[in-house]
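# Coordinate analysis (summary)
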Amino acid sequence: MLLTLYLIGITAEAMTGALAAGRLRMDLFGVVMIATVTAFGGGSIRDLLLGHYPLTWVAHPEYLLLTTSAALLTIWIAPLMSRLRMLFLMLDALGLVAFTIIGVKVAQSMGLGMPVAVLAGLITGIFGGVIRDLLCNRVPLVFQKELYAVVSLGSACLFLVLQQMAWPAWLITLLTLAAGFTVRMLAIRYQWHLPRFEYNVPEK
Amino acid sequence: MLLTLYLIGITAEAMTGALAAGRLRMDLFGVVMIATVTAFGGGSIRDLLLGHYPLTWVAHPEYLLLTTSAALLTIWIAPLMSRLRMLFLMLDALGLVAFTIIGVKVAQSMGLGMPVAVLAGLITGIFGGVIRDLLCNRVPLVFQKELYAVVSLGSACLFLVLQQMAWPAWLITLLTLAAGFTVRMLAIRYQWHLPRFEYNVPEK
Amino acid sequence: MLLTLYLIGITAEAMTGALAAGRLRMDLFGVVMIATVTAFGGGSIRDLLLGHYPLTWVAHPEYLLLTTSAALLTIWIAPLMSRLRMLFLMLDALGLVAFTIIGVKVAQSMGLGMPVAVLAGLITGIFGGVIRDLLCNRVPLVFQKELYAVVSLGSACLFLVLQQMAWPAWLITLLTLAAGFTVRMLAIRYQWHLPRFEYNVPEK
């Protein structure tokens, strides 16, 4: 189940990357590159920081075909994207929570404690988008938008709490997915966001 | 002593990150995230480049409480920051030199030579701020401002030179701190800076 | 031969970094830093992603003297750069293909398959420039410009195909260099570029 969700996740992330590249009128190579980096960036940064080798796309380069296809498909269906927006946001939300759970499990498989596991989940969930925004020369959306990172953070914590129960793994995964997905959808619907910090004194 | 200075350093770096996030009106999550990345970014990049695992915050996730607290405190005391500016710059300068010394010692503990030790010190000292500025979508200050990187570079070299003497470790550390701190304060006071290179021919 | 080309490559890359820094009126430190990161960035990212330690500049810190000298030389000869433009683009093209071949060979020396070897070549070829552009706060040129990344990608594939022949290593390297160099020069001359993807729907 988690593999399926992972594949949905990298597809959705690749599509957000391709759209961001299209907003900058990048060429085909740029579109595929940004899509790929967005899809694999979060997991790759997690693996670099934890020293967890080989990276996913090194072990499974065939996944690159999926993200490349998703990027090219996005170019093709771009005129329809505004009508598909809700479907797209739903896939993106599923991918976010799936990425988070996978990140937590990678840290646990390395014997790391709960705080680092939560961070590994968060990094896997959001850093693909952070790198996408860096490469597109804009402040990462995730630091400004409605609840996105918080959904990842909360899902990681919930997953760890549920593990304390003697429940089967699939149930814990499913509950975390359902909760994270629901909160993310509500946050989009009602534009929930965290309070902002405003500081206007210029540098120097 | 170096641990105390390290903790001062990550606190001061976290505060510069939080202020930069506030200038972009980021939300609470963004503020804490930028603060954390600024505080641990330099050491993490050094560790990735040298293959020095585990990273500091993976081994000591409790330090994240310190940087998170520093970020939240910064939001709270932001209205006073302009009056606290000199204290803040002093802590930042101490942290810069402490980071540099720690970076040099990490490289030495891995058996690396003097040139790489100097670079490890420099990277530890300045790359937290570089990542902060990347995430805030601006050209890194350290490539343009008055002597900051040069203080790190000079402190690393001085530390290595002093090590050639048969002096106790605490004395070498103290002398390096005193020298680096003094030069940094003078550079701020008298706005010392390196000559600039200006090249106006447009790309292509 | 490949070492000579590598040294030409890091020199040319360092010069592109120094010029980009000059366009932002960076100070001497910033110029040397951007030049160094541009020259070693692609290989370093490849090595981090593949877990290939130690990095080139850690094993050979003397190469840093070359890139630092190239950066300082660039400041000195900047007024002549527009007249030297074609020579400079030729060195840059040679360096691009040399970097690519080196990246492919590093991946092969680690026993990695062909898809990852191609990616390693591509990353080595273009990511120095990507980091340069990130640090200079602009969208990476390589995602928008005339054929540059595609030359790297094509050279990597050609190199792998030629390896299937029972030809000596120097011949394979030479043929790849000649082909990649020629295509790059033609792309500059005739402004070949990939089709662009344009997507104008704003975020949210």
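Residues numbered from 1 in each chain as written. Chains lettered and ligands numbered in written order. Predicted model: local features only at pLDDT ≥ 70, side-chain atom pairs only at ≥ 80, totals over all residues. Heavy atoms only, no water.

Per an unreviewed UniProt entry, chain A carries the name Trimeric intracellular cation channel family protein and comes from Alcanivorax profundi. One UniProt comment on chain A, placed under Sequence similarities (unreviewed entry), says "Belongs to the UPF0126 family." According to the UniProt record, the Subcellular location (unreviewed entry) comment for chain A reads "Cell membrane". (UniProt positions renumbered as here; feature names shortened; annotations may be inferred.)

Now for the interface of chain B and chain A. Contact residues are listed per partner, giving 35 residues for chain B and 34 residues for chain A. Note on chain B versus chain A: buried area summed over both sides is about 3100 Å², and carbon and sulfur give 68% of it. Seen at the junction of chain B and chain A, the total is 1 salt bridge. Glu-198 of chain A serves as the salt-bridge partner of Arg-25 of chain B, at 3.2 Å between the closest nitrogen and oxygen. Here chain B and chain A share 8 residue pairs in polar contact (both at pLDDT 80 or more) between them. Contributing elements (two or more residues each) for the side of chain B that touches chain A: helix 1 (2–23), helix 2 (28–50), helix 3 (56–59), helix 4 (63–77) and helix 6 (114–135) of chain B. A breakdown of the residues in the side of chain B that touches chain A according to their chemical character gives 24 nonpolar, 4 polar and 7 charged. (Contact = heavy atoms within 4.5 Å. Buried area = accessible area lost by both parts, 1.4 Å probe. Salt bridge = Lys/Arg side-chain N within 4 Å of Asp/Glu carboxyl O. Polar contact = N/O pair within 3.5 Å; in protein donor to acceptor, adjacent residues only side chain to side chain. Helix = DSSP H or I, 4+ residues; strand = E, 2+ residues; numbered from the N terminus. Nonpolar A, V, L, I, M, F, W, Y, C, P; charged D, E, K, R; others polar.)

Contacts between chain A and chain C engage 35 residues on the former and 34 residues on the latter. Interface area, chain A with chain C, both sides summed: about 3100 Å², of which 68% is carbon and sulfur. Area buried by chain A at its contact with chain C is led by Arg-23, Arg-25 and Phe-29 of chain A, which between them contribute 21% of it. On the surface where chain A and chain C come into contact, there are 1 salt bridge. Those elements that provide at least two residues to the side of chain A that touches chain C are helix 1 (2–23), helix 2 (28–50), helix 3 (56–59), helix 4 (63–77) and helix 6 (114–135) of chain A.

Both copies of the chain are related through a single rotation about an axis accompanied by a shift along the same axis. Aligned on chain C, chain A shows an RMSD of 0.0 Å; the corresponding rotation is 120° and the shift along the axis is 0.0 Å. Accordingly, the operation relating the two chain copies is best matched by a three-fold axis. No C-alpha of chain A lies nearer the rotation axis than that of Asn-137 of chain A, which sits 3.7 Å from it. Little of the interface of chain A is mirrored in chain C: 17% of its interface residues are interface residues there too. (Least-squares fit on C-alpha atoms with pLDDT ≥ 70 in both.)

A separate point is unusual backbone geometry. Residue and element names in this part refer to chain B. Pro-54 follows Tyr-53 through a cis peptide bond whose omega is -10°. Relative to the helices and strands, Pro-54 is located in the loop between helix 2 and helix 3. Despite not being glycine, Asn-137 has its phi angle at roughly 60°, a positive value. Checked against the element boundaries, Asn-137 lands in the loop between helix 6 and helix 7 (149–163). A positive phi angle, close to 50°, is found at Gln-191, a residue other than glycine.

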